[in-house]
Amino acid sequence: MKYFIGNWKMFGVPKSINILKKINFFHLKDRNRNKYKIIITPPYTLLETFSKYFKNKKILVGSQNCYQKDHFSSNTAAVSAYMIKSVGAKYTLVGHSDNRSEGDTNEMLKNKVIFALKNNLKVIFCIGENKIEKRSKKTFSVLKNQIIKVLEKKFNKDNIIVAYEPIWSIGTGKIPTKNELKKTILRIKKILKQIYKKKSPAVLYGGSVDGNSVKIFKDIREIDGFLIGGASKSSKKFIDIIKNYYR
Ligand code: 13P
């Protein structure tokens, strides 16, 4: 199973559901539709309406983050996995670099994963090195650390997806070379296999994925799907990624 996940970030109002209706319509008639899942992570404000609308349809809905405490608390603006689940979402991102850079620590991320899984949300756990770490050849040690500090073997690996997003590639149009990316994905899977008894959770790639770059990525069979930012805000761009992947 492959995954095409659209992360809307700070984008979208109620009428933006029209973008998803078009994507859903495409999916309905796509002959490859059984080979992949589509997940969209809109802002919190749209989780309930989108989850309800797509309840019996093919688009799955997730949140972009969740708070590191369960149920209810007295933290202003915080939203827990319990609250997210209660409005019908099925997934949550955890550890996006946007949130790591705003202060999410490994300890906080681990609690987010724990409470997301406890509340039956599947977790899309994001990892990735920055430009300086890449230049100083620290990519693998950074990724390994991000994984082992948060993902425990007691977690159900079937409810975890790992998304590798090199920070220098997000929104920049810069992408890793085919060889480099294949090597990195294999290294990530190797670390995950050590934790999860030889079976790795799905590992996705994210960072400047569009209809063009996907033509390069599709040759790397080890990639289980994509986490798409900018191009997920347009139905045409998002559909082009899926079309070109299976072309
Ligand atoms: P872009 O696809 O815009 O580079 O964003 C990637 C991303 O951060 C998705 O979470």
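Residues numbered from 1 in each chain as written. Predicted model: local features only at pLDDT ≥ 70, side-chain atom pairs only at ≥ 80, totals over all residues. Heavy atoms only, no water.

**Concerning the side chain of Ser169**
Put simply, the test is: Under the DSSP-based scheme used, a helix requires at least four consecutive residues in state H or I and a strand at least two consecutive residues in state E, with every element numbered from the N terminus. When accessible area is computed with a 1.4 Å probe and restricted to protein chains, residues below 20% of their type maximum are described as buried, those above 50% as exposed, and intermediate ones as partly exposed. By the convention used here, residues are in contact when the closest approach between their heavy atoms is within 4.5 Å.
Within the secondary structure, Ser169 sits in the loop between β6 (160-164) and α8 (178-195). Residue classification places Ser169 among the buried positions, given a relative accessible area of 0%. Those residues in contact with Ser169, other than ones at most four positions away along the chain, are Lys174, Ile175, Tyr205, Gly207 and Ser208.

**Concerning the pairing of strand β4 (residues 91-94)**
For clarity, the cut-off: At least two DSSP bridges between two strands are needed for those strands to be called paired. Looking down the strands as they point away from you, a crossover is right-handed if its path from the first strand over the helix to the second goes clockwise.
Of the two faces of β4, the one holding Tyr91 and Leu93 and the one holding Thr92 and Val94 are both buried throughout. Where strand β3 (residues 59-63) lies against β4, 2 bridges are found, and the strand directions are parallel. Bridge pairing links Gly62 to Tyr91 in β4. Taking the sense of rotation as the criterion, the β-α-β connection linking β3, helix α3 (residues 81-86) and β4 turns out right-handed. In this structure, β4 lies alongside strand β5 (residues 122-127), joined through 4 bridges in parallel fashion. The residue of β5 that forms the bridge with Val94 is Phe125.

**Describing the sheet that holds strand β8 (residues 225-228)**
The criterion, for reference: Whenever a helix is involved, its axis is fitted only over the stretch in contact; in every case the axis is a line through C-alpha atoms, and angles between N-to-C directions fall within 0 to 180 degrees.
What the 8 strands build is a closed barrel, ordered β1-β2-β3-β4-β5-β6-β7-β8; its pairing is parallel. Put simply, the sheet's adjacent strands are angled 25° from each other on average, direction ignored. Each of β2 (36-41) and β3 is contacted by helix α1 (residues 17-29), which is oriented at about 175° to β2, the strand it contacts most.

**Description of the packing of aromatic side chains**
How we decide: Side-chain rings of Phe, Tyr and Trp, where Trp is taken by its six-membered ring, are said to pair if the distance between their centres is within 6.5 Å; with planes under 30 degrees apart they count as stacked, over 60 as edge-to-face, and otherwise as tilted. By definition here, charges over rings are those cases where NZ of Lys or CZ of Arg is within 6 Å of the ring centre and within 35 degrees of the ring normal.
What the rule picks out here adds up to 14 aromatic pairs. Ring centres 5.4 Å apart and planes at 90° place the aromatic pair Phe4 and Tyr36 in the edge-to-face group. One end of the pair, Phe4, is in strand β1 (residues 2-7); the other, Tyr36, is in strand β2, with 32 residues separating them in the sequence. Pair check on accessibility: Phe4 and Tyr36 agree, each one buried. Residue placement shows Lys57 over the ring face of Tyr53; its charged tip is 4.4 Å from the ring centre. For the cation-ring pair, Arg187 lies above Phe140, with the distance from its terminal atom to the ring centre recorded as 3.8 Å.

**Thoughts on a positive patch on the surface**
Selection rule: Each patch is built from residues that are more than 30% exposed by relative accessible area and take part in no salt bridge. Like charges join if they lie within 9 Å; nonpolar side chains (Val, Leu, Ile, Met, Phe, Trp, Tyr) join within 5 Å. Using a 1.4 Å probe, accessible areas were evaluated by the Shrake-Rupley method; residue-level cover was limited to the displayed protein chains. Should a side-chain nitrogen of Lys or Arg be within 4 Å of a carboxyl oxygen of Asp or Glu, the pair is scored as a salt bridge. Two residue types count as positive, namely Lys and Arg, and two as negative, namely Asp and Glu; His and chain ends fall outside the count. Where a charge sits is defined by one atom per residue type, namely NZ (Lys), CZ (Arg), CG (Asp) or CD (Glu).
Together, Lys29, Lys215, Lys243 and Arg247 make up a positively charged patch on the protein surface. With respect to the element layout, Lys29 can be found in helix α1. Among the residues examined, Lys29 registers a relative accessible area of 56% and is labelled exposed.

**Some points on the pattern of salt bridges**
As enumerated under the stated definition, the model contains 11 salt bridges in all. One salt bridge in this structure joins Lys154 and Glu152, with 3.2 Å as the shortest N-O distance. Overall, Glu152 belongs to the partly exposed group, its relative accessible area being 22%. Note that Asp224 is salt-bridged to Lys189, the shortest N-O span being 2.9 Å. You can see Asp224 sitting in the loop between α9 (213-217) and β8 and its partner Lys189 sitting in helix α8, a full 35 residues away along the chain. By relative accessible area, Asp224 is classed as buried at 14%. If you follow the salt bridges from partner to partner, you end up with Lys110, Glu152 and Lys154 in one network.

**What about the site of the ligand?**
Formally: Proximity criterion: a residue is near a molecule or strand once any of its heavy atoms comes within 4 Å of it. We call two N or O atoms a polar contact when they sit within 3.5 Å, provided that within protein one can donate a hydrogen and the other can accept it, with sequence-adjacent residues counted only if both atoms are side-chain atoms. Side-chain classes are defined by residue name, with Ala, Val, Leu, Ile, Met, Phe, Trp, Tyr, Cys and Pro counting as nonpolar, Asp, Glu, Lys and Arg as charged, and the others, Gly among them, as polar.
What surrounds the ligand is a group of 13 residues, the closest being Lys9, His96, Gly171, Ser208 and Gly230. Glu165 places a polar side-chain atom, nitrogen or oxygen, 3.1 Å from an oxygen atom of the ligand. Within the contact set of the ligand, an oxygen atom lies 2.7 Å away from a backbone nitrogen or oxygen of Gly171. Out of a free accessible area of 300 Å², the ligand has 95% covered by protein chains. Of the residues that constitute the shell around the ligand, the class distribution is 3 nonpolar, 8 polar and 2 charged.

**Quick word on the pairing of β8**
If a strand is regular, its side chains alternate between the two faces of the sheet. Residues of β8 alternate between two faces, with Gly225 and Leu227 on one and Phe226 and Ile228 on the opposite face, all of them buried. The sheet contact formed by strand β7 (residues 202-206) and β8 spans 2 bridges and is parallel. By the bridge assignment, Tyr205 is partnered in β8 with Phe226.

Purely geometric stuff here, so don't read any function into it on its own.
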